[in-house]
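The primary structure of each chain is shown beneath.
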Protein chains: 2
Amino acid sequence: MTTIADVAQAAGVSISTVSYVMSGKRTISQETRERVEQAMADLSYSPQASARSLASRSTSILGLQAPIRAGVDVHVVMQIVAGALKEARLHHHDILLLTSDDAAGVERAARAGMVDGVLILDVETSDPRVGSLADLSIPSVLIGLPDTADQLICVDFDFEAAGRLAAERLAERGHRTVTLLGAPPQVQARHTSYSDRLTRGFLSRSREVGLTATVLPCPAGPGATEVVDALLAGSPETTALFVHNEAALPFIAARLLASASAAPIEIVALSPAELALHVPGVSDVIDLPAEELGAAGARTLLAAIRGERSPGPELLTPRFAHSPAEPATV
Amino acid sequence: MTTIADVAQAAGVSISTVSYVMSGKRTISQETRERVEQAMADLSYSPQASARSLASRSTSILGLQAPIRAGVDVHVVMQIVAGALKEARLHHHDILLLTSDDAAGVERAARAGMVDGVLILDVETSDPRVGSLADLSIPSVLIGLPDTADQLICVDFDFEAAGRLAAERLAERGHRTVTLLGAPPQVQARHTSYSDRLTRGFLSRSREVGLTATVLPCPAGPGATEVVDALLAGSPETTALFVHNEAALPFIAARLLASASAAPIEIVALSPAELALHVPGVSDVIDLPAEELGAAGARTLLAAIRGERSPGPELLTPRFAHSPAEPATV
DNA sequence: ATGAAAGCGCTAACAC
DNA sequence: GTGTTAGCGCTTTCAT
């Protein structure tokens, strides 16, 4: 194991000079810097994380609490995590995985000084976890938008605007009666923040533009077909669907294509673009930029750690995705 | 911030006594122990991870390199991660996420002393990452079984045995011509270890039991239906499928049910049980115990960190899953 | 059964 | 522009 002292000796400088070469916190002559860097390379030196963090009282580690729950779309969660990880690494930070559904885990990591801040996913409208966040000694960022978001830093996709956007598009297309096939029943029952907001935006804007709109929860996978069947049978005047459920989307689309009714049913989807763009029967896709959302969360957390207070919730604006065939004109 | 010194003072003992109360590494009188524990509780003391790890030269953190690649089944990966995390926490360890596809990331974390060991997922048959693992200063465990596994500790599901098991079951059921619909093309092209082994086991046992067996890669999602169509058209004598692709399974099953051919095609699936058991048209499910696999990996890594050398690769035995309706008789 | 004290490897004053 | 050194909070010999 080579230490900073070894490097200092090899370079013929003091320990602190080596430290300052690494941190850049004071000016070093070109020549000295080169000697030190050479010595570091020769000895293939890596600073010891624990020593560094003991002395500096910071770890360069972000805590991440990701959910693994019924109804949660693993694909989207993975993308958020991937985005956060990428962004964190870009800023020389690492990510410590914190057990889900466990406020104690976040507290433990914070109090042990294992992380400089925490990123929390899949926040519910009234989330029990948010209470304890306020009196942590480290900053936290929620990906989601709970009721009690007043004092908390939140980053999320603007699901409400997405709901409005979908209603507008469907109205433009001349539809009169439409249905939102949303998150799985468990998610809606938990009043997951995003599900609530999407519904609100969709219904209110539908009303404004004269659409008759209803909302139905929709299980992932094959179960979705049953919901579609029930809907078609019970409400034949429906001419379009707004689907927010990546996992159910292919099944819904396949079902509609199969049951070749007189008037085809149009589908607008809210989904990570790459998952929905090539599903046959889907005419418009509002992109859910999951990876960017994770990155934005990490970025905001890093800013908070640096002491920059962000003003209000940061909401990513929804946009329609464009297939490679019809690229956006920007 | 309360330190060990605060606790020692409050309890009227020395710092080392407090330390030994926590570690249990020497006998403490009942009375002293109680005073110390009381003091810790009163001051709500949490030991500082960095200080502890600087002094002890260990972190209680496991590095985890999980893949986020094309064709990788996110659901299975998530379950493995969840299993590893659970097991790690059970043994008072945490998990640091390491960037995928990046041997440098593992090395960096190891050399900085950030982790006590690393767990590596989705290993390919000839994985470039495994080379550098051998000369890390910390132990590593692969979930997967690469060619060059001689000196490495590996834990995996016994895909080869699973392939054999499926062939046997299909033969018992009286089939003569069968097809393995396997991992997506990208995964098979990479010669991902599990895909190779499943194929080998399935084909060799098929030969032994007199089955005519072929293997087809199969994309996830709707693309799977095309593969099924092509197969049915090109090889009408096929009477059964062995499907190893959770993401494609529902589509395959749905397609077979829809195309009501004279003789129905039987499906045996290899999948996490809870994902496949309720897909209509699937007659047998070989469970892929993803969470248990993650837990086993973590357990083995923790053992290696303690210095226990495991003899050979550890392979989880495949079993048929039983639906709630027909429970196992054990 | 308990204490005293020497590190662990680094950062950041405080010198010059 | 560079060096000296006092911690950071803990673990673990040595003592007793």
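Before going into details, it helps to say that this report is about the structure given with it. Please read all numbers here as calculations on a predicted model, not as lab measurements.

This brings us to the pairing of strand β4 (residues 140-143) of chain A. All names here are of chain A. Burial along β4 is two-sided: Ser140 and Leu142 and Val141 and Ile143, pointing in opposite directions, are all buried. As paired elements, strand β3 (residues 117-120) and β4 share three bridges and run parallel to each other. Paired with Val118 across the bridge in β4 is Ser140. Where β4 lies against strand β5 (residues 153-157), three bridges are found, and the strand directions are parallel. Its bridge partner being in β5, Ile143 is matched across the sheet by Val155.

Around DNA strand D sit 30 residues in total, of which Thr27 and Thr32 of chain A together with Ile4, Tyr20 and Tyr45 of chain B are the nearest. Backbone atoms, meaning sugar and phosphate, form 56% of the atoms of DNA strand D found within 4 Å of the protein. Between DNA strand D and Ser14 of chain A, the relevant distance is 2.8 Å, taken from a phosphate oxygen to a main-chain nitrogen or oxygen of the residue. Contact between DNA strand D and Arg57 of chain A: a phosphate oxygen at 2.6 Å from a side-chain N or O atom of the residue. At the level of secondary structure, the elements contributing two or more residues to the surface near DNA strand D comprise α2 (15-23) and α4 (49-56) of chain A together with α2 (15-23) and α4 (49-56) of chain B. At five residues, the largest contribution of residues to the surface near DNA strand D is made by α2 of chain B. Along the lines of polarity and charge, the residues of the surface near DNA strand D split into 13 nonpolar, 12 polar and five charged.

With that settled, the discussion passes to the protein's contact with DNA strand C. What surrounds DNA strand C is a group of 30 residues, the closest being Ile4 and Tyr45 of chain A together with Thr27, Thr32 and Arg57 of chain B. For DNA strand C, the backbone makes up 61% of the atoms found within 4 Å of the protein, where backbone means sugar plus phosphate. Take Tyr20 of chain A: an N or O atom from its side chain is 3.4 Å from a base nitrogen of DNA strand C. Thr32 of chain B is positioned with one of its side-chain polar atoms (N or O) 2.2 Å from a phosphate oxygen of DNA strand C. When residues of the surface near DNA strand C are traced back to their parent elements, those giving at least two are α2 and α4 of chain A together with α2 and α4 of chain B. In terms of residues, the surface near DNA strand C owes the most to one element, α2 of chain A, which gives five residues. A class-by-class count of the residues in the surface near DNA strand C yields 13 nonpolar, 12 polar and five charged.

Right, let's get into the relation of the copies chain A and chain B. The transformation that overlays chain A on chain B combines an axial shift of 0.1 Å with a rotation of 180°, and the residual RMSD is 0.1 Å. With respect to symmetry, the two chain copies, as superposed, fit the operation of a two-fold axis. When the interface residues of chain A are mapped onto chain B, 100% of them again lie at the interface, so the same face is used by both copies.

Residue and element names in this part refer to chain A. Where helix α1 (residues 4-11) is concerned, the buried positions are Val7, Ala8 and Ala11. Angularly, the buried residues of α1 cover 100° about the axis, an arc narrow enough to put them on a single face. For α1, the exposed residues set more than 90 degrees away from the buried face come down to Gln9 and Ala10. The inward-facing, buried residues of α1 abut α2 and α3 (30-42). At the N-terminal end of α1, a side-chain oxygen is found 3.1 Å from the backbone nitrogen of Ala5, two or three residues along, and the residue is Thr3. Directly after α1, the chain includes Gly12, whose backbone phi takes a positive value near 70°.

What counts and what doesn't
- Each chain carries its own residue numbering, running from 1 in the written order of its sequence.
- The naming scheme follows written order: chains are lettered A onward, ligands numbered 1 onward.
- Only residues with pLDDT of at least 70 get local features here, since the model is predicted, and only at 80 or more are side-chain atom pairs given and counted; chain-wide, interface and lining totals rely on the full set of residues.
- Hydrogens and water molecules were not included; the side-chain quantities draw on all heavy atoms of the structure.
- Each residue's exposure class comes from its accessible area (1.4 Å probe, protein chains only) as a fraction of the maximum for that residue type: buried when under 20%, exposed when over 50%, partly exposed otherwise.
- In DSSP terms, a helix is any run of H or I states spanning at least four residues, a strand is any run of E spanning at least two, and both are numbered starting from the N terminus.
- One requirement defines pairing of two strands: DSSP has to find at least two bridges between them.
- Here a residue is considered near a molecule or strand provided that any single heavy atom belonging to it is located within 4 Å of it.
- Here a polar contact means two N or O atoms within 3.5 Å. Within protein one must be a hydrogen donor candidate and the other an acceptor candidate, and residues neighboring in sequence count only if both atoms are side-chain atoms.
- Asp, Glu, Lys and Arg are counted as charged, while Ala, Val, Leu, Ile, Met, Phe, Trp, Tyr, Cys and Pro are counted as nonpolar; the rest, among them Gly, fall into the polar class.
- Our superposition of the copies is a least-squares fit, built on the C-alpha atoms of residues whose pLDDT is at least 70 in both.
- Any pair of residues with heavy atoms lying within 4.5 Å of one another is described as a contacting pair.
- To be clear, the arc concerns the directions from the helix axis to the C-beta atoms.

Function cannot be read off these values alone, since they describe shape.
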